[in-house]
Amino acid sequence: MPAETEIKAKAGAAIIPVTLFEQNCTLIWCEATRKAVVIDPGGDVPRIRAAIQQSNVSVDKIWLTHGHIDHVGGAAELRDALKVPIEGPHVEDKFLLDNVVASGARFGMTGVRDFTPDRWLSEGDEGSVGQLTFEILHCPGHSPGSVVFFSRELRFAHVGDVLFNGSVGRTDLPGGSHDTLIRSIIEKLLPLGDDIGFICGHGAGSSFGQERKTNPFLAGAT
Ligand SMILES: [Zn+2]
Ligand SMILES: [Zn+2]
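Let me begin by describing the structure that accompanies this report. In this text the structure is predicted, and so the values were computed from the model without any measurement. Counting from 1, residues in each chain are numbered in the order their sequence is written. For this description, chains carry letters from A and ligands carry numbers from 1, given in the order in which they are written. Since the coordinates come from a predicted model, pLDDT governs what is reported: local features require at least 70, and pairs of side-chain atoms require 80 or more to be given and counted, while whole-chain, interface and lining totals use all residues. In computing side-chain values, all of the structure's heavy atoms are included and hydrogens and water are not.

A look at the pattern of salt bridges
Alright, step 1. By definition here, a salt bridge exists when the distance from a side-chain nitrogen of Lys or Arg to a carboxyl oxygen of Asp or Glu is within 4 Å. Applying the stated rule across the entire model yields twelve salt bridges.
Alright, step 2. Its salt-bridge partner being arginine 34, residue glutamate 31 comes within 2.6 Å of it at the nearest N-O pair.
Alright, step 3. Exposure is judged per residue with a 1.4 Å probe applied to protein chains only, and the accessible area is read against the type maximum: over 50% gives exposed, under 20% gives buried, and values in between give partly exposed. For arginine 34, a relative accessible area of 28% puts it in the partly exposed group.
Alright, step 4. One salt bridge connects aspartate 118 with arginine 79, and the closest N-O pair in it is separated by 2.9 Å. Linking aspartate 118 in the loop between helix H5 (100-106) and strand S7 (126-129) with arginine 79 in helix H3 (residues 75-82), this pair joins segments that are 39 residues apart in sequence. Numbered from the N terminus, helices here are DSSP runs of H or I no shorter than four residues, and strands are runs of E no shorter than two.

Side note on the coordination of the zinc ion (ligand 1)
Alright, step 1. Only His66 (NE2), His68 (ND1), His142 (NE2) and Asp161 (OD) from the protein coordinate the zinc ion (ligand 1), and they sit 2.1 to 2.4 Å from it.
Alright, step 2. Donors, by definition, are the N, O and S atoms found within 2.8 Å of a metal, the threshold being 3.2 Å for Na, K and Ca, and water is not counted, so a site can look incomplete. Square planar and octahedral assignments, for four and six donors respectively, both demand that opposite donors be over 155 degrees apart and that all other angles lie between 65 and 115; tetrahedral needs four donors with all angles between 85 and 135 degrees, and anything else is irregular. Classification of the site at the zinc ion (ligand 1) rests on its four donor atoms, whose angles at the metal span 89 to 171°, yielding the label irregular.
Alright, step 3. Between the donor residues of the zinc ion (ligand 1), the gaps in sequence give the motif H-x1-H-x73-H-x18-D.
Alright, step 4. In this structure, the zinc ion (ligand 1) lies 3.5 Å away from the zinc ion (ligand 2), the two metals sharing aspartate 161 as a donor. Residue histidine 66 is found in the loop between strand S5 (58-63) and helix H2 (69-72), and its partner histidine 142 is found in the loop between strand S8 (132-138) and strand S9 (147-151); the two are separated by 76 residues along the sequence.

So, the coordination of the zinc ion (ligand 2)
Alright, step 1. For the zinc ion (ligand 2), every protein donor is listed as Asp70 (OD), His71 (NE2), Asp161 (OD) and His202 (NE2), and the spread of their distances is 2.1 to 2.4 Å.
Alright, step 2. Coordination at the zinc ion (ligand 2) is irregular: its four donor atoms span angles of 87 to 160° at the metal.
Alright, step 3. Donor residues for the zinc ion (ligand 2), ordered by position in the chain, follow D-H-x89-D-x40-H.
Alright, step 4. Using a relative accessible area of 6% as the deciding quantity, one classes aspartate 161 as buried.

In structure tokens:
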């Protein structure tokens, strides 16, 4: 049974760690409608499907925060199984989605496929899950096409690998830029408010306030 987290009373979430990278595949649902989204199905699709069944929700879309293999390796397979569209990431990560098979091979991940999402996401776009609305923030730096899903109402964000509890995303992979990443965090995420809680791509979540005050990579951020 995946650990369940309540996001206010209107939404629920379950984290399903997948792949050898222990990536936080995340199921988020609207309590009123029990409609759900799967964020970053990186692999281990049977485990993701079991978690969906246990949570008793109806998934009607897949969201991708960025194009790295541990976040997208199971996306094409899950899209086929559930017959739902894939939304995201930003088109600047197309070069990664065009090379899923090649990057999977480097980590012994078989059965993965290159694919094109049904919808690329851009800054200012919106995504919905049942009655919940999420704003799309384009936050490059970890990868050029990284996006963050932000719910103003829930005071919650899913930040992928942009920001972590006590750290930030690595920037040594193709298209990465540390300066760009820090700017994304300081200019787009932190101004949303100290009270915003987040789930990230690996490890425990946190809040923007806690990271603003204690994250060594953000020292000096106001
Ligand atoms: Zn990544
Ligand atoms: Zn990752």
